[in-house]
Amino acid sequence: MLSLMTLPAAYLSYPSAWHDTPNHSSDDDALVQLDQKKSAMQPTRTQLPHVAVEQAKDPNMEPMRDNCDRRRPGEDDSSRLPNISQQSMNQSVRPFLREHIPTLYAPIGKPDLPSMASLKNKDPNSKYCYRHRPDSKCRRAADESKMALIQRDLETLSAGDRQAITNVWSLFSAAPTKQRDLMLKGIITQCCFPQLSTVSREVHEQLKIDFMTALPPELSLKILCYLDCSSLCKAAQVSRRWHSLSGDDVVWHRMCEQHIGRKCEKCQWGLPRLEKKRLREWKTHQQLALPPPPPRPVVVVDNPRPSPAPTATKRAAGSSDDEAPSKRQCTEEEPHHHGATMDSSLSRKFRPWKDVYRDRFKVGSNWQKGRCTIKTFRGHANGVTCLQFDDNMLATGSYDNTIKIWNIERNEVVRTLQGHTMGIRALQFDDRMLVSGSLDGTVKIWNWRTGVCINTLNHQGGVITVHMDGDLLASGSMDRSIKIFNFKTQQSFTLRGHSDWVNQVRLDVTSRTLLSASDDCTVKMWDLDSRTCIRTYEGHVGQVQQVLALPDDFEFDEEIPQEADVSSASSNRSSTPATPPSQHSSSREAEQRLAYGPVFYNDPDRPLPPRHMLTGSLDATLRLWDTATGKSPRCFWGHVEGVWGLAVDTLRYVSGANDATVKVWEPRSGKCERTFTGHSGPVTCVGLSDSRFASGGEDGEVRLYSFEGEPSECVQRGTPS
């Protein structure tokens, strides 16, 4: 005798209503008997009006499922399920099961049944979706939770009822598709409305298909690549299969490509680049593991591309510890120092792309919500005019004639550089040296680790700005001149053309050009080879204090002419291989080269200057410029007084002004995202990195805003616009 516990798990996945199991010897007789049973049950529908009459006579009679049991008047509540004898089981049920489930019920040594032959001839390489071939999934495993509920309900019945229901399930589970369809049709036609509701509810749940399981992994990953971060996190909670697919490196690599270092075109969400900090940490560990290098002169430039930083202006200095961001790398190099061999201590560790995205998402979310922590540095006796910060180092210059080197983590002064006789107006440092410009008319080159002055350069007037890039050092002065000094050749030359103080200079070694901003309300572009002015940009009505070249991959909204983006992408400044230019693109590039003058038009191999630049002026505005056309397609309004400090990256601008505020701007739309206050005087300089920005003011304070912490540890600051 069969029982529920001895049947395969698949049998319990299709419970159906009870029907009698007559004695028959063949499949055809079983189908005929099923039709006879169906016709015999039809008169019971005539008893339904009797139930309605009984319910009408008794108004207290509540509608329930037992009202649909079709009991005739006079029947008791005892089960109407007949007890099937062992002989009937042997004659009807077991032959049916042996025919359709030969692997479980066929006798050993008799594998010649038709169903066994079909299994032998089945093509193992044929795979069909179970919507188009139901037989391929008819033996699927049942839901364990559903089986537990069915088992609990089944145990409440008598032994005879359990045996009869088990026989029905066995017959249905063993039946092929055609016989199953006939059984279902016969059962459904005998169901009343409450039972049909139960069928509808169960069918609705069973028809839910996990397409991630049905589809190949490649298609599933392709679908998941279209989801945003929030949707991917929710998909990971569906099941283990979904969790595995939604955390795949293919999906999160696509997410990183869309968002890191740029604003996504679809969701307008951008995330910072954080590799430089990690690379610096790795280099530090590497230097600790390697023997110390031999000493060398500090003024010799071995690294052709040091990280430049914005320098001070007439009253301000904007600095940045990162240059135009390079392309993201998919690996992170971190040493595992075990005190063993050098190879084991300097191993490479590969990070999942999901972890890479998670780190940047935390910082990007803090930027958007204004969640940050603030450190305040006090130590100067007068106003701070310029600053620059690195991972754990902050350099500040002041009107008190000193330069202070700070340890950011400990919030203390590490070293004070003294030597200038008047206020410091500009500074910049890298791994080799620190350069400072002062109102005493000198430019000093320092070994900032020891505090020793290495070299001194002179101007005829006070030095307001300095900038070094590669082997070159540029300085602008009150004497209206720009001096270029070459570290390798120890030679220098002077550029003249401005009619007032030169407040800012920016070198671009790639194109061998220089940008300068002046109190004469103009910005000039210079050719360092011919030492001539290429173009003059006019538009500000106040003294221009800041000028910064924007990276070539900078993106703007559609109000910027589309030709600008196309030309910038083909400006021969990108490190990625370019596709062969068409005739139309070649003519466009030729026109662009002609716009920069004959020095670029006659030398097709020379890289073009940066296509866009940003300027800040005492007319309280920021302006975006197209360097090829000389036009200013966008003006940023928000400050109520003149702008002294400016810093940019690919995701935001930061500006400090005489109104004692610092504003963070969204570069694509030109809107002010948030305004920060806290200084008691004009903000003269600002610095920016991926996860922090700093501001210095005439109140002698430097405020460092960090967006790296956990959201629970940070405080929301600033006023959103």
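Scoring rules and cut-offs
Residues numbered from 1 in each chain as written. Predicted model: local features only at pLDDT ≥ 70, side-chain atom pairs only at ≥ 80, totals over all residues. Heavy atoms only, no water. Helix = DSSP H or I, 4+ residues; strand = E, 2+ residues; numbered from the N terminus. Buried < 20%, exposed > 50% of the residue type's maximum accessible area, 1.4 Å probe, protein only. Contact = heavy atoms within 4.5 Å. Areas by Shrake-Rupley, 256 points an atom, 1.4 Å probe, with all protein chains shown as cover. Pairing = 2+ DSSP bridges. Core = buried A, V, L, I, M, F, W, Y, C linked by side-chain atoms within 4.5 Å. Expected span 1.5 Å × (residues − 1). Axes fitted to C-alpha atoms, helices over the stretch in contact; angles between N-to-C directions. Lys, Arg positive; Asp, Glu negative; His and termini not counted. Salt bridge = Lys/Arg side-chain N within 4 Å of Asp/Glu carboxyl O. Polar contact = N/O pair within 3.5 Å; in protein donor to acceptor, adjacent residues only side chain to side chain. Parallel < 35°, antiparallel > 145°, perpendicular 65-115°, else oblique. Nonpolar A, V, L, I, M, F, W, Y, C, P; charged D, E, K, R; others polar. Phe/Tyr/Trp six-rings, centres within 6.5 Å; stacked < 30°, edge-to-face > 60°. Lys NZ or Arg CZ within 6 Å of the ring centre and 35° of its normal. Left-handed = near helix turned anticlockwise from the far one by under 90°. pLDDT = per-residue confidence, 0-100.

Asker: So what exactly am I meant to see when it comes to the overall build of the chain here?
Answerer: Scanning the chain from N- to C-terminus turns up 20 helices and 31 strands. Within the chain, buried positions represent 46% of all 721 residues. Within the chain, residue pairs in contact and separated by at least 24 positions form 57% of the contacts whose partners lie at least 6 positions apart. Taken as a whole, the chain presents about 36400 Å² of accessible surface, with 52% of it coming from carbon and sulfur.

Asker: Could you clarify how one ought to interpret the pairing of strand β7 (residues 424-429) in this entry?
Answerer: Strand residues, when the strand is regular, have side chains that alternate between the two faces of the sheet. Counting buried residues along β7, 6 of its 6 residues qualify, which places the element largely inside the surrounding structure. Pairing between β7 and strand β8 (residues 434-438): 5 bridges, direction antiparallel. The partner of I424 across the bridge, within β8, is S438. Here β7 folds back onto β8 in antiparallel fashion, the turn holding 4 residues.

Asker: Can you help me understand unusual backbone geometry in this one?
Answerer: Excluding glycine, residues mostly have negative phi values, and the peptide bonds linking residues are mostly trans. Despite not being glycine, Q490 has its phi angle at roughly 60°, a positive value. Take Q490: it is sitting in the loop between β13 (481-486) and β14 (492-496). The phi torsion at C521 lies on the positive side, around 70°, for a residue other than glycine. Overall, C521 belongs to the partly exposed group, its relative accessible area being 22%.

Asker: Would you mind going over the nonpolar core with me for this structure?
Answerer: Within soluble globular proteins, side chains that are nonpolar generally end up buried alongside one another. Core analysis: the largest hydrophobic core is formed by 16 residues, its most contacted members being L224, L232, V251, W252, M255 and Y357. Those elements giving two or more residues to this core turn out to be α11 (217-224), α12 (229-235), α13 (240-246), α14 (249-259) and α17 (353-369). Among the elements that make up this core, the one with the highest residue count is α14 (4 residues). With near-sequence residues (within four places) excluded, M255 lies in contact with L227, D228, C229, L232 and Y357. Judged by nonpolar contacts, the second largest core, of 14 residues, contains V363, W367, V686 and Y705.

Asker: Where do I start with helix α7 (residues 159-174) in this structure?
Answerer: Residues separated by three or four positions in an α-helix point in the same direction, a consequence of the helix having 3.6 residues per turn. In a regular helix each residue adds 1.5 Å, so 16 residues correspond to 22 Å; α7 covers 22 Å between its end C-alpha atoms and thus fits that length. Among the 16 residues that make up α7, 14 are buried, leaving the element largely enclosed by the rest of the structure.

Asker: Sorry if this is basic, but what is going on with the sheet that holds strand β15 (residues 502-508) here?
Answerer: Two orientations exist for strands paired in a sheet by backbone hydrogen bonds: parallel and antiparallel. Strand order in this open sheet of 4 strands is β15-β16-β17-β18, and the pairing throughout is antiparallel. The sheet is open, and its two edges are formed by β15 and β18 (532-538), each paired on a single side. Within the sheet, the average angular offset between the axes of one strand and its neighbour, ignoring direction, is 20°. As paired strands, strand β17 (residues 522-527) and β18 are joined by 6 bridges and run antiparallel to one another. For T522, the partnering residue across the bridge sits in β18 and is E538.

Asker: Would you mind going over the sheet that holds strand β11 (residues 463-469) with me for this structure?
Answerer: Strand order in the open sheet formed by 4 strands is β11-β12-β13-β14, with antiparallel pairing between adjacent strands. Looking at the sheet topology across the chains shown, the edges are occupied by β11 and β14. Neighbouring strand axes in the sheet, compared pairwise and without regard to direction, differ in orientation by 20° on average. Alignment of β11 against strand β12 (residues 472-477), held across 6 bridges, turns out to be antiparallel. Within the sheet, the bridge partner assigned to V466 lies in β12 and is S475.

Asker: Looking at this structure, how should I read the pairing of β8?
Answerer: Of all the 5 residues making up β8, 5 are buried; the element is thus mostly covered by neighbouring parts of the structure. Covered by surrounding structure in β8 are L434, S436 and S438 together with V435 and G437, the residues of both alternating faces. Examined bridge by bridge, β8 and strand β9 (residues 442-447) share 4 bridges and lie antiparallel to one another. Bridge pairing links L434 to W446 in β9. Once β8 ends, the chain turns through 3 residues before running back antiparallel as β9, passing G441 with a positive phi of about 85°.

Asker: It is not clear to me how the side chain of K404 should be interpreted in this structure. Could you clarify?
Answerer: Mapped onto the fold, K404 is located in strand β5 (residues 402-407). For the buried K404, no salt bridge exists, and the shortest N-O distance to an oppositely charged side chain is 5.7 Å, to D400. Reaching out from K404, the side chain makes a polar contact with the side chain of T416 at a distance of 3.4 Å. Apart from residues lying up to four places away in sequence, K404 is in contact with G379, H380, L394, A395, T396, V413, R415 and T416.

Asker: I tried to follow the environment of D440 on my own but got confused; where do I start?
Answerer: Along the chain, the position of D440 falls in the loop between β8 and β9. When its relative accessible area of 22% is taken as the criterion, D440 is described as partly exposed. Put simply, D440 and G461 are 21 residues apart on the chain and 7.4 Å apart in space, counted from C-alpha to C-alpha. Contacts of D440, omitting those with residues within four sequence positions, involve H420, T421 and M422. A distance of 3.2 Å separates a polar atom in the side chain of D440 from a polar atom in the side chain of H420.

Asker: Is there a simple way to explain the packing of α7 against helix α8 (residues 177-189) in this structure?
Answerer: Packed helices, taken two at a time, are described by their axes: the angle between them and the distance between them. Where α7 meets α8, the closest approach of the two axes is 8 Å, and the angle between their N-to-C directions is 135°. Judged on the interaxial angle alone, α8 and α7 are oblique. Contacts between α7 and α8 involve L171, F172 and S173 from the former and R180, M183 and L184 from the latter. Among the residues making up the contact of α7 with α8, the classes are represented as 4 nonpolar, 1 polar and 1 charged.

Asker: What exactly am I supposed to notice about the pattern of salt bridges here?
Answerer: A full pass over the atoms with the stated rule returns 11 salt bridges. Between R358 and D355 there is a salt bridge, with the nearest N and O atoms lying 2.5 Å from each other. Residue R358 and its partner D355 are located together in helix α17, separated by 3 residues, close to a single helical turn. What you see here is one network of salt bridges that share partners, running through R512, D527, D529 and R606.

Asker: Which parts of the structure should I look at to understand the packing of aromatic side chains?
Answerer: The way to describe two aromatic rings as a pair is by their centre distance and the angle between their planes. One pass over the full model with this rule turns up 16 aromatic pairs. Seen in terms of ring centroids, F377 and W406 are 5.5 Å apart; in terms of plane orientation they differ by 70°. Their pairing is edge-to-face. A residue pair is termed long-range when its members are at least 10 positions apart, and F377 in strand β2 (residues 371-378) and W406 in strand β5 qualify at 29 residues. Given a relative accessible area of 3%, W406 falls into the buried group. Clustering of aromatic rings is evident, with ring pairs tying together W367, F676, F693, Y705 and F707. Over the face of the ring belonging to F493 we find R531, whose NZ or CZ atom lies 4.0 Å from the ring centre. Lying across the ring of W367, R652 places its NZ or CZ 4.0 Å from the centre.

Asker: What is the right way to read the packing of helix α6 (residues 144-155) against α7 from this model?
Answerer: At a minimum axis separation of 10 Å, α6 and α7 run at an interaxial angle of 145°. Helix-helix and strand crossings are classified by hand; for α6 and α7 the assignment is right-handed. In contact with I150, L154 and E155 of α6, α7 contributes R162, I165 and W169. Taken together, the residues that form the contact of α6 with α7 break down as 4 nonpolar, no polar and 2 charged.

Asker: Before we go on, may I ask you to explain the confidence of the model for the chain in this structure?
Answerer: Detailed reading of the predicted model is not advised wherever pLDDT is low. The pLDDT averaged across the chain works out to 74; a share of 63% of its residues lies at or above 70. A low-confidence stretch, residues 124-132 stays under pLDDT 50, and its non-local contacts, those more than four residues away or across chains, total 8 contacts. Across residues 558-581, where pLDDT falls below 50, the model places 35 contacts with residues more than four positions away in sequence or in other chains.

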